[in-house]
Amino acid sequence: MQALFTILLLIVSNIFMTFAWYGHLKMRQQFTWFDHLPVIGVIIFSWAIAFFEYCCQVPANRIGFRENGGPFSLIQLKVIQEVVTLVVFIGFSTLAFKTESLKWNHAVACLLLVAAVYLVFKK
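Cut-offs and rules
- Residues numbered from 1 in each chain as written.
- Predicted model: local features only at pLDDT ≥ 70, side-chain atom pairs only at ≥ 80, totals over all residues.
- Heavy atoms only, no water.
- Helix = DSSP H or I, 4+ residues; strand = E, 2+ residues; numbered from the N terminus.
- Buried < 20%, exposed > 50% of the residue type's maximum accessible area, 1.4 Å probe, protein only.
- Contact = heavy atoms within 4.5 Å.
- Core = buried A, V, L, I, M, F, W, Y, C linked by side-chain atoms within 4.5 Å.
- Phe/Tyr/Trp six-rings, centres within 6.5 Å; stacked < 30°, edge-to-face > 60°.
- Lys NZ or Arg CZ within 6 Å of the ring centre and 35° of its normal.
- Axes fitted to C-alpha atoms, helices over the stretch in contact; angles between N-to-C directions.
- Parallel < 35°, antiparallel > 145°, perpendicular 65-115°, else oblique.
- Left-handed = near helix turned anticlockwise from the far one by under 90°.
- Nonpolar A, V, L, I, M, F, W, Y, C, P; charged D, E, K, R; others polar.
- Patch = residues over 30% accessible without salt bridge, like charges linked within 9 Å, V, L, I, M, F, W, Y side chains within 5 Å.
- Areas by Shrake-Rupley, 256 points an atom, 1.4 Å probe, with all protein chains shown as cover.
- Salt bridge = Lys/Arg side-chain N within 4 Å of Asp/Glu carboxyl O.

Trainee: So what exactly am I meant to see when it comes to the overall build of the chain here?
Mentor: For the chain, the helix and strand inventory stands at 5 helices and 0 strands. Along the chain, from the amino end to the carboxyl end, the secondary structure elements read α-α-α-α-α. Principal-axis analysis of the C-alpha atoms gives the chain an extent of 50 × 35 × 20 Å. Considering the chain as a whole, with its 123 residues, one finds that 29% of them fall into the buried category. Pairs at least 24 apart in sequence give 70% of the contacts found in the chain among residues at least 6 apart.

Written out as structure tokens, the structure is:
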């Protein structure tokens, strides 16, 4: 159950992270007031969103880390997080930015990351 909860928290965390890092690019197109914000305003807006990312990321790592009684090593947590980040980003970019498309080399890169997950969990 700790493994599932850790992964769910990482997914939620990465949704917030992706929106904090890239959502402002789409909001600029959607809302004229947002386009007039100075860079510092966009940074503060992104930090506010990133706060919720950390509210999920930190507990996910604490719950999932083997030395805290969780099922994952530090390296396993990081690789899981990177794969979750990629999956969330692909979904976000496909839905929010219709000009972006998944190409063959992106698919191969995803498969290599899946291979990395396999290798990091191999005893």
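Trainee: How do you make sense of the nonpolar core when you look at a structure like this?
Mentor: With 9 residues, the main nonpolar core is built from Leu9, Leu10, Cys56, Ala60, Phe72, Leu77, Ile80, Val84 and Val88. Secondary structure elements with two or more residues in this core: helix H1 (2-30), helix H3 (39-64) and helix H4 (74-96). Ranked by the residues each element gives to this core, the list is headed by H4, at 4 residues. Apart from the residues within four sequence positions on either side, Ala60 is in contact with Thr6, Leu9, Leu10 and Leu77.

Trainee: Looking at this structure, how should I read the packing of aromatic side chains?
Mentor: We describe a pair of aromatic rings using the distance from one ring centre to the other and the angle between the two ring planes. Under the defined criterion, the tally for this structure stands at 8 aromatic pairs. Taking 5.3 Å as the distance between ring centres and 80° as the angle between the ring planes, the aromatic pair formed by Phe51 and Phe52 counts as edge-to-face. On the basis of relative accessibility, which here comes to 43%, the residue Phe52 falls in the partly exposed class. These aromatic residues form a ring-pair network of at least three members: Phe16, Phe51 and Phe52. The positively charged end of Lys26 is found above the aromatic ring belonging to Phe97, 5.6 Å away from the centroid.

Trainee: Would you mind showing me how to read the packing of H1 against H4 here?
Mentor: Any two packed helices are characterised by the angle at which their axes cross and by the distance between the axes. The N-to-C vectors of H1 and H4 enclose an angle of 45°; their axes lie 9 Å apart at closest approach. As far as their axial angle goes, H4 and H1 are oblique. Crossing hand, H1 versus H4: right-handed. Only Leu77, Ile80, Gln81, Val84, Thr85, Val88, Phe89, Phe92 and Ala96 of H4 make contact with H1, whose side of the interface consists of Thr6, Ile7, Leu10, Ile11, Asn14, Ile15, Met17, Thr18, Phe19, Tyr22, Gly23 and Lys26. Of the residues contributing to the contact of H1 with H4, the split by class is 14 nonpolar, 6 polar and 1 charged.

Trainee: Sorry if this is basic, but what is going on with a nonpolar patch on the surface here?
Mentor: On the surface, a cluster of nonpolar side chains totalling about 590 Å² of accessible area is made up of Met1, Leu4, Ile7, Leu8, Ile11 and Ile15. Summarising the element assignment, Met1 is placed in the segment before H1.

Trainee: Teacher, can you tell me more about the packing of H4 against helix H5 (residues 104-121) here?
Mentor: At their nearest, the axes of H4 and H5 sit 10 Å apart, and the two run at 160° to each other. If you check the angle between H4 and H5, you find them roughly antiparallel. Relative to H5, the crossing made by H4 is left-handed. Of the residues in H5, those touching H4 at Ile75, Gln76, Val79, Ile80, Val83, Leu86 and Ile90 are Cys110, Leu113, Ala116, Val117, Val120 and Phe121. Looking at the contact of H4 with H5, its residues break down into 12 nonpolar, 1 polar and no charged.

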